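Structure assessment
Take a look at the letters that make up each chain.
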Amino acid sequence: DGGITQSPKYLFRKEGQNVTLSCEQNLNHDAMYWYRQDPGQGLRLIYYSQIVNDFQKGDIAEGYSVSREKKESFPLTVTSAQKNPTAFYLCATGGGYTFGSGTRLTVV
Amino acid sequence: AQSVSQHNHHVILSEAASLELGCNYSYGGTVNLFWYVQYPGQHLQLLLKYFSGDPLVKGIKGFEAEFIKSKFSFNLRKPSVQWSDTAEYFCAVNAGNNRKLIWGLGTSLAVNP
């Protein structure tokens, strides 16, 4: 069935480690987005891509990186430069937005 | 800068009470407006959206919202809430040619049985 899939659902990161969150969609949408959700702060845009091989920084891009080599895929890497990575990460597609089920990242 | 304001951060209601959650935005041009819901432990789901036409929009699960352009508002309403409506509700706005959504901080709704 059509939709957007994020994996893994839970991810644990050690200090100084890079981790990559997966986001795959089969909705044939050009636009894809990564958000970070923290309690009491709503959703904050990390990166977005409106077309393959192109992406732009959102409001809180520092410490994150992305790639958009395929239309279906928009992986997010949380680098060691991100000082407070523990959060819930949401991927979305399209202008009207379909969201994935999210990845909860915890630093251990 | 564009912004979205949700006035109620936490709302507690009893079942069968009526609900109205406020949402105001700051942008003078054409907007697309959205309400999303996030049930406990679940992902965000679209409740309803307004792009054009009838300013009274009906969504899923008995929710509706009214776009009042003169007030820059898009308030969410439900005549009679249920315990299962306990969730976090987010208002979002897409303004101009920018595909990015501007989000409110969310309203946490708790419905007591």
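Below you will find a few notes about this structure.

What counts and what doesn't
Counting from 1, residues in each chain are numbered in the order their sequence is written. For naming, the first written chain is A and the first written ligand is 1, with later ones following in the order written. With pLDDT at 70 or above as the cut-off, local features in this predicted model cover only qualifying residues; side-chain atom pairs require 80 or more to be listed or tallied, and sums for whole chains, interfaces and linings still use all residues. Note: side-chain values were computed over all heavy atoms of the structure, leaving out hydrogens and water. Geometry of aromatic contacts follows a simple scheme: Phe, Tyr and Trp rings, the Trp one being its six-membered ring, pair when their centres are within 6.5 Å, and the pair is stacked under 30 degrees between planes, edge-to-face over 60, tilted otherwise. Numbered from the N terminus, helices here are DSSP runs of H or I no shorter than four residues, and strands are runs of E no shorter than two. Throughout this description, buried means an accessible area under 20% of the type-specific maximum (1.4 Å probe, protein chains only), exposed means over 50%, and partly exposed covers the range between. Throughout, a disulfide means two cysteine sulfur atoms within 2.5 Å of one another. For this analysis, a salt bridge means a side-chain nitrogen from Lys or Arg found within 4 Å of a carboxyl oxygen belonging to Asp or Glu. Strands are labelled as partners when DSSP assigns at least two bridges between them.

**Regarding the packing of aromatic side chains**
All names here are of chain B. A complete count under the given rule lists 15 aromatic pairs over all chains for this structure. Geometrically, the ring pair formed by Tyr36 and Trp103 is tilted, given 5.1 Å between the ring centres and 40° between the ring planes. Of this pair, Tyr36 sits in strand 5 (residues 31-38) while Trp103 sits in strand 11 (residues 102-103), placing them 67 residues apart in sequence. Assessed through its relative accessible area of 1%, Tyr36 is described here as buried.

**Remarks on the state of the cysteines**
Residue and element names in this part refer to chain A. Summed over all chains, the structure comprises 2 disulfides over all chains. Two residues, Cys23 and Cys91, share a disulfide whose sulfurs are 1.9 Å apart. Where Cys23 bonds to Cys91 through sulfur, the torsion about that S-S bond is close to -75°, and the disulfide is left-handed. One end of the pair, Cys23, is in strand 3 (residues 19-25); the other, Cys91, is in strand 9 (residues 87-93), and 68 residues separate them in sequence. Assessed through its relative accessible area of 0%, Cys91 is described here as buried.

**Points about the pattern of salt bridges**
Residue and element names in this part refer to chain A. Using the criterion set out here, one finds 7 salt bridges over all chains in the structure. The residue Lys71 makes a salt bridge to Asp30 at a minimum N-O spacing of 3.4 Å. Highlighted residues: Lys71 in the loop between strand 7 (64-66) and strand 8 (76-78) and Asp30 in the loop between strand 3 and strand 4 (32-38), separated in sequence by 41 residues. In this structure Lys71 comes out as partly exposed when scored by relative accessible area, which is 22%.

**Side note on the pairing of strand 10 (residues 87-95) of chain B**
Residues and elements named next belong to chain B. Most of strand 10 is tucked away, with 8 of its 9 residues classed as buried. The pairing of strand 5 with strand 10 spans 8 bridges and is antiparallel. Across the sheet, the residue bridging to Gln38 is Glu88, located in strand 10. Of the strand pairs in this sheet, strand 10 and strand 12 (residues 107-112) are connected by 3 bridges, and their pairing is antiparallel. By the bridge assignment, Ala87 is partnered in strand 12 with Leu109. When strand 10 meets strand 11, the two strands line up antiparallel, connected through 2 bridges. Considered in strand 11, the bridge of Ala92 is made with Trp103.

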